[in-house]
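Chain residues, written in single-letter form:
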Amino acid sequence: RGDVCGCVRRAELKGWQIVESKSFRIHHVGQSSVAERLAPLCEQTRLSLQRRWLNGTAKSDWSPRCDLFLYPSGAEFQRLTRITKETWGFADLEIGDGKVWLRRLHVRADDAQRLDKLLIHELTHVVLADHFAKHQIPRWADEGIAVLSEPVARRNELRHWLKQEAAQGRVFSLKELASQRHIPRDKRLGDLFYAQSAALVE
């Protein structure tokens, strides 16, 4: 079925439904209203992120499309991805020989306000992958840029909290920050990594 955003809906195996746009394939269960709303939002966000971080390059439609899986609950997210539900979402990329071969986003869809913010963050990783298909972007840069792509309120919240932590000397050294390849599992350390990475990029 075509409409103003160029979406197409069709059935998939195992109960998933799909809403497609030029660069995205959104997998969902149940009502399609959320997926149909997100299709044009994802396209617009993709172009906005490319203009901001890649100087408007890589404007062609993604091939392969980015598969976005919307999980109806934390329990389903954890059961199907084997990732703790507290994570809320993640980007899954396969990169090799200077090309992105697979683009996937897995996100919980049971909190509308969190969903939009989460998509901006995770989509940033997918957009940056086009530019860093030959040489992997450092983790602090990848996460710092993603945080800076988020809404102003979120960035200000992290910036204010980082100032408090820095005043107490509870921050990573630059060497510690730059050498980390994974986000710390401890919540405070994880938030600190996001906040300091964004500050360094900024």
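Residues numbered from 1 in each chain as written. Predicted model: local features only at pLDDT ≥ 70, side-chain atom pairs only at ≥ 80, totals over all residues. Heavy atoms only, no water.

Colleague: Explain unusual backbone geometry here, please?
Modeller: Residues other than glycine predominantly adopt negative phi, and peptide bonds predominantly adopt the trans conformation. Omega for the peptide link from Ser63 to Pro64 comes to 5°, which places this bond in the cis form. Locating Pro64 in the fold gives a position in the loop between helix 1 (33-53) and strand 4 (66-71). Residues other than glycine seldom take positive phi values, yet Arg82 does so here, at roughly 65°. Its place among the elements puts Arg82 in the loop between helix 2 (74-81) and strand 5 (89-96). Positive phi values are uncommon outside glycine, yet Trp88 reaches one of about 75°. Take Trp88: it is sitting in the loop between helix 2 and strand 5. (Helix = DSSP H or I, 4+ residues; strand = E, 2+ residues; numbered from the N terminus.)

Colleague: I tried to follow the packing of helix 1 against helix 4 (residues 139-149) on my own but got confused; where do I start?
Modeller: In a packed pair of helices, the relevant descriptors are the angle between the two axes and the axis-to-axis distance. Here helix 1 crosses helix 4 at 120°, and the two axes come no closer than 12 Å. Of the possible angle classes, the one that applies to helix 1 and helix 4 is oblique. The two elements helix 1 and helix 4 meet at a crossing, and its hand is right-handed. Contacts between helix 1 and helix 4 involve Leu49, Arg52 and Trp53 from the first element and Ile145, Leu148 and Ser149 from the second. (Axes fitted to C-alpha atoms, helices over the stretch in contact; angles between N-to-C directions. Parallel < 35°, antiparallel > 145°, perpendicular 65-115°, else oblique. Left-handed = near helix turned anticlockwise from the far one by under 90°. Contact = heavy atoms within 4.5 Å.)

Colleague: Just to check I follow, could you spell out the side chain of Thr124 for this structure?
Modeller: Relative to the helices and strands, Thr124 is located in helix 3 (residues 112-131). Here the side chain of Thr124 touches Ile120 through a polar contact of 2.7 Å, landing on its backbone oxygen. Discounting chain neighbours no more than four positions away, the residues touching Thr124 are Leu49, Ile145, Ala146 and Ser149. (Polar contact = N/O pair within 3.5 Å; in protein donor to acceptor, adjacent residues only side chain to side chain.)

Colleague: What is the right way to read the environment of Asp67 from this model?
Modeller: On the secondary structure map, Asp67 appears in strand 4. Residue Asp67 is classed as buried on the basis of its relative accessible area, which comes to 9%. The spatial distance from the C-alpha of Asp67 to the C-alpha of Leu93 is 10 Å, given a sequence separation of 26 residues. With residues up to four places along the chain from it excluded, the contact list for Asp67 reads Arg25, His27, Arg103, Arg104 and Leu105. Here Arg25 takes part through its side chain, which lies 2.7 Å from a polar atom of the side chain of Asp67. (Buried < 20%, exposed > 50% of the residue type's maximum accessible area, 1.4 Å probe, protein only.)

Interpretation note: all reported values are geometric properties and have no functional meaning in isolation.
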